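Each chain, written out:
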Amino acid sequence: MSAPSASEYVFGRHRPASHVIVHVSDPHFLAGGRRLGGRYDVEATFARTLEAIQAVHPNPSAIVVTGDLADLGEPDAYRRLRAAVEPVAAALGTAVVWVAGNHDERPALREGLLDLAPTQEPVTGVWDLDGLRLVALDSSVPGWHHGDLDDAQLEWLADVLRDPAPHGTLLAMHHPPLPSHLPLFDILELRRQEELAQVIRGTDVRGILAGHLHYSSHGTFAGVPVSVSSATCYTMNVAKPAPDVNGMDAAQAFQLVHVHPDTITHTVVPVTDAATGDYFSEAWLQEMAALTPEQRLEAFSRKR
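Values in this document were obtained by computation on a predicted structure and should not be read as measured data.

A. Geometry of the pairing of strand β3 (residues 95-99). Of all five residues making up β3, four are buried, and the element is well covered by its neighbours. Across five bridges, the pairing between strand β2 (residues 62-66) and β3 is parallel. Among the inter-strand pairings, T66 is bridged to a residue of β3, identified as V99. Taking the sense of rotation as the criterion, the β-α-β connection linking β2, helix α2 (residues 75-92) and β3 turns out right-handed.

What follows is the structure, given as structure tokens:
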């Protein structure tokens, strides 16, 4: 009999998560594999991100990419992104959810990633992930960088949420309905947040996944937790006073979303090659599994 995977060991009060989602944001691909701003090798960093995704979980429920898929909305940028992601998703046996961001162009995104007609229709969708409902919203505004949701999309969302899903609902969108401590993002914030709050308040929405900020952030909106994933292209150096924050080629990350019956956790996964210890391992877990709960406390919890 083979040993259980790490996700199957139960040493505490919670059972393993019913769903695990990989939350990625802001690849900002360019046609021809060009460097973003002539500086950031976004494809190389994204390739390292995909390697990390394959290492952290063997079969996530979905890979959700929350916008700014391409930096200039170029058709070749979407082709290159699709060619990078789809083989990884196929190997993991998982779905890919593409979300539109302010740098995206709807016609090229729809045609290049979704095989749909190249129109200005919002890029939205609903996925049933074994009872967990994932809804992609399109907060992009053609020709602008700020975010918004028109009446038609809000009405559509209200209709989707009318009946609850077995494991509840997650929303995925680019512009987070959260304040930023960086004044520059106030200009590009999501508008009509009050109207969105009215739609989701009292429904089965359990969380909102977003991007746009290029740094990790968390908060609540209409009583719902919001988690912003940092970018894979470049991040904001928030270790500076707010007026001086700018981009840096470091600290790229994605998030692992673990869905439990009573809670959802969001783990920031750094994309780094830092030296790592080797004390904990599969063999160590097997040793702990062979002990009683009291013996595990004695072996690992008691201070020496």
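B. Just the nonpolar core, in detail. Ranked by internal contacts, the top residues of the largest apolar core, which has 36 residues, are V24, I53, L69, W98 and F254. Residue assignment for this core shows that the elements contributing at least two residues are β1 (19-24), α1 (42-56), β2, α2, β3, α3 (106-114) and β12 (253-259). Ranked by the residues each element gives to this core, the list is headed by α2, at seven residues. Ignoring anything within four residues of it in the chain, the contact list for I53 reads V22, V24, I63, L92 and F254. Counting residues in hydrophobic clusters, the runner-up holds 28 residues, among them V135, L154, L171 and V226.

C. Spotlight on the packing of α1 against α2. Remark: α1 packs on α2, axes separated minimally by 11 Å, with the N-to-C direction vectors making an angle of 10°. When the interaxial angle is binned, α1 and α2 end up roughly parallel. In this structure, α1 contributes E43, F46, L50, I53 and Q54 to the contact, and α2 contributes R80, L81, A84, V85, V88 and L92.

D. Representation of the sheet that holds strand β6 (residues 169-172) in the model. Spatial ordering of the open sheet is given by β4-β5-β6-β7-β9-β8, a layout of six strands whose pairing is mixed. Each edge of the open sheet is held by one strand with a lone partner, namely β4 (125-129) and β8 (217-221). Mean inter-strand twist for the sheet, computed between neighbouring axes without regard to direction, equals 20°. Here four bridges tie strand β5 (residues 132-136) to β6, and the two strands are oriented parallel to one another. Considered in β6, the bridge of R133 is made with T169. Across the sheet, helix α4 (residues 151-160) lies against β4, β5 and β6, angled at about 175° from β5, the strand it touches most.

E. View of the layout of surface pockets. If you add up the space inside the second largest pocket, you get close to 180 Å³. Lining the second largest pocket are 13 residues, and of these H28, H103, F185, H214 and Y234 lie nearest its centre.

F. Quick look at a nonpolar patch on the surface. On the surface, a nonpolar cluster with roughly 390 Å² of combined accessible area is contributed by Y279, F280 and F300. By secondary structure assignment, the location of F280 is in the loop between β13 (264-270) and α7 (282-289).

G. Representation of the environment of G93 within the structure. Within the secondary structure layout, G93 lies in the loop between α2 and β3. On the accessibility criterion, G93 (56% relative accessible area) is exposed. Sequence-wise, G93 and A62 are 31 residues apart; in three dimensions their C-alpha atoms are separated by 8.9 Å.

About the criteria used
- Residues numbered from 1 in each chain as written.
- Predicted model: local features only at pLDDT ≥ 70, side-chain atom pairs only at ≥ 80, totals over all residues.
- Heavy atoms only, no water.
- Buried < 20%, exposed > 50% of the residue type's maximum accessible area, 1.4 Å probe, protein only.
- Helix = DSSP H or I, 4+ residues; strand = E, 2+ residues; numbered from the N terminus.
- Pairing = 2+ DSSP bridges.
- Right-handed = clockwise from strand over helix to strand, strands pointing away.
- Core = buried A, V, L, I, M, F, W, Y, C linked by side-chain atoms within 4.5 Å.
- Contact = heavy atoms within 4.5 Å.
- Axes fitted to C-alpha atoms, helices over the stretch in contact; angles between N-to-C directions.
- Parallel < 35°, antiparallel > 145°, perpendicular 65-115°, else oblique.
- 1 Å grid on protein atoms, 1.4 Å probe; cavity = no way out; pocket = protein on both sides within 12 Å on 5 of 7 lines; lining within 4 Å.
- Points joined across faces, edges and corners; volume = space filled by probe spheres on them.
- Patch = residues over 30% accessible without salt bridge, like charges linked within 9 Å, V, L, I, M, F, W, Y side chains within 5 Å.
- Areas by Shrake-Rupley, 256 points an atom, 1.4 Å probe, with all protein chains shown as cover.
- Salt bridge = Lys/Arg side-chain N within 4 Å of Asp/Glu carboxyl O.

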